[in-house]
Amino acid sequence: MKRTALVAGITGIGGNYVARQLLAEGWEVIGLSRRPPRDLPAVRHVAADLLDPAALASALSDISPTHVFITTWMRQATEADNIRVNAALVRNLLDALSPKKTLRHVALVTGLKHYLGPFEAYASSGTLPDTPLRESQPRLPLENFYYAQEDELHAAAARDRFTWTVHRPHTMIGLAVGNAMNLGTTLAVYATLCKETGRPFQFPGSAAQWNGLSDVTDARMLARQLVWAADTDAARNEAFNIVNGDVFRWSWLWPRLGAWFGVQSAGLQDTVRPLETAMGHDHALWRALAERHALAEPDLDRLASAWHTDLDLGRPLEVMTDMANSRRLGFSAYQATEASFLDLFERLRAERLIP
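On a predicted model such as this, the values are computed, not experimentally measured, just so you know. (Residues numbered from 1 in each chain as written. Predicted model: local features only at pLDDT ≥ 70, side-chain atom pairs only at ≥ 80, totals over all residues. Heavy atoms only, no water.)

## A short note on the packing of aromatic side chains
Remark: the centre distance and the inter-plane angle together describe each pair of aromatic rings, the angle taken between the planes.
Part 1: The tally for this structure, following the rule as stated, stands at 17 aromatic pairs.
Part 2: Both rings, one in W228 and one in F331, keep their centres 5.3 Å apart while their planes meet at 50°; by these two values the pair is tilted. On the criterion of sequence distance, the pair formed by W228 in helix α8 (residues 219-230) and F331 in the loop between α14 (324-327) and α15 (337-350) is long-range, its members being 103 residues apart. Pair check on accessibility: W228 and F331 agree, each one buried.
Part 3: Put simply, the rings of Y190, F201, F203, W210, F248, W250, W254, W260, F261, F341 and F345 touch in pairs and so form one group of aromatic residues.
Part 4: When the ring centre of W307 is taken as origin, the NZ or CZ atom of R75, which lies over that ring, is 3.5 Å away. (Phe/Tyr/Trp six-rings, centres within 6.5 Å; stacked < 30°, edge-to-face > 60°. Helix = DSSP H or I, 4+ residues; strand = E, 2+ residues; numbered from the N terminus. Buried < 20%, exposed > 50% of the residue type's maximum accessible area, 1.4 Å probe, protein only. Lys NZ or Arg CZ within 6 Å of the ring centre and 35° of its normal.)

The following block contains the structure:
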């Protein structure tokens, strides 16, 4: 049976990698984003604004996917605005496809803010969940745009009789320029700046993160789970955590990352030292460095998302996730986390994004 995937947010980390996985497994892939992906020539691209229902319906007039993968979101100033905008983009997309009656399955990618709370109350006292995080944990008593997106998905699935899955990655490690949440590339840029200036590669976060257990999600792992769930009857109408399958402590990993760049690593300090402060005045320095080394992206803000890395590394608790829900249904993929970072660093260098 023919399978046609529409990937919403194909230029982001999740969207790019799931498109690659789908293509490798023989799917027809259509990418939806404002700009076409620069590295996926086999993908048919549709340019559309998810917040403009009329224009979206017109752009999708001759598109009849069997599967949709929603991997995008739009950051707003407040959680109320996050809810309004990000619920609308899910609703508008599924409303535009509803008359076609071709949808069999929709996958929505959210994340661990499902358990940790929205940015305005992120991992704050009074909302700290038990770890490891499990899909069976109830929603927090807080407004959260992930909840609003899930509610839109469930309503559309009931209306149009398609199946759904929700996928909750931890911090994603992968290549995407212009992505709003990009810890791996942010650390690569930070280490490069440290090497350029002779500054130590200083861990910016909390004692809980430095000493506690953590995990991350290689974007390749997310892609594999998304495609697995789309092809697995037992996975229908379930939420799944998705991480690499190992755990680590930043106290162990941080100096290993620094060693790859040949910089002096510095560990936990007596206070959190945000990367937003440490890198806040480095835009001109990065532009000069990019010109000297003929790098592909001279705009520091399109590579580094210091604010999000600060949120991750400044948490007041250790954060790791339980994978039992997908494991019991047969998803057995695994990825070593150190290799996730080092593979990304190699690709960033090959793509001339770091020297």
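## Side note on the pattern of salt bridges
Part 1: All chains considered together, the criterion is met by 25 salt bridges.
Part 2: One salt bridge in this structure joins R292 and E196, with 2.4 Å as the shortest N-O distance. Separated by 96 residues along the polypeptide, R292 in helix α11 (residues 283-293) and E196 in helix α6 (residues 183-197) bring together distant segments of the chain.
Part 3: One salt bridge connects R256 with E338, and the closest N-O pair in it is separated by 3.0 Å. You can see R256 sitting in helix α9 (residues 250-261) and its partner E338 sitting in helix α15, a full 82 residues away along the chain.
Part 4: Residue classification places E338 among the partly exposed residues on the basis of a relative accessible area of 22%.
Part 5: Each of D95, K101, R159 and D160 takes part in salt bridges that share partners, so that together they form one network. (Salt bridge = Lys/Arg side-chain N within 4 Å of Asp/Glu carboxyl O.)

## With respect to empty space enclosed by the protein
Over the atoms, a rolling probe the size of a water molecule traces out where space has been left empty.
Part 1: This model, assessed by the stated rule, comprises one cavity of 30 Å³ or more.
Part 2: Its volume calculated, the largest cavity comes out at about 50 Å³.
Part 3: Tallied by class, residues from the lining of the largest cavity come to four nonpolar, four polar and three charged. (1 Å grid on protein atoms, 1.4 Å probe; cavity = no way out; pocket = protein on both sides within 12 Å on 5 of 7 lines; lining within 4 Å. Points joined across faces, edges and corners; volume = space filled by probe spheres on them. Nonpolar A, V, L, I, M, F, W, Y, C, P; charged D, E, K, R; others polar.)

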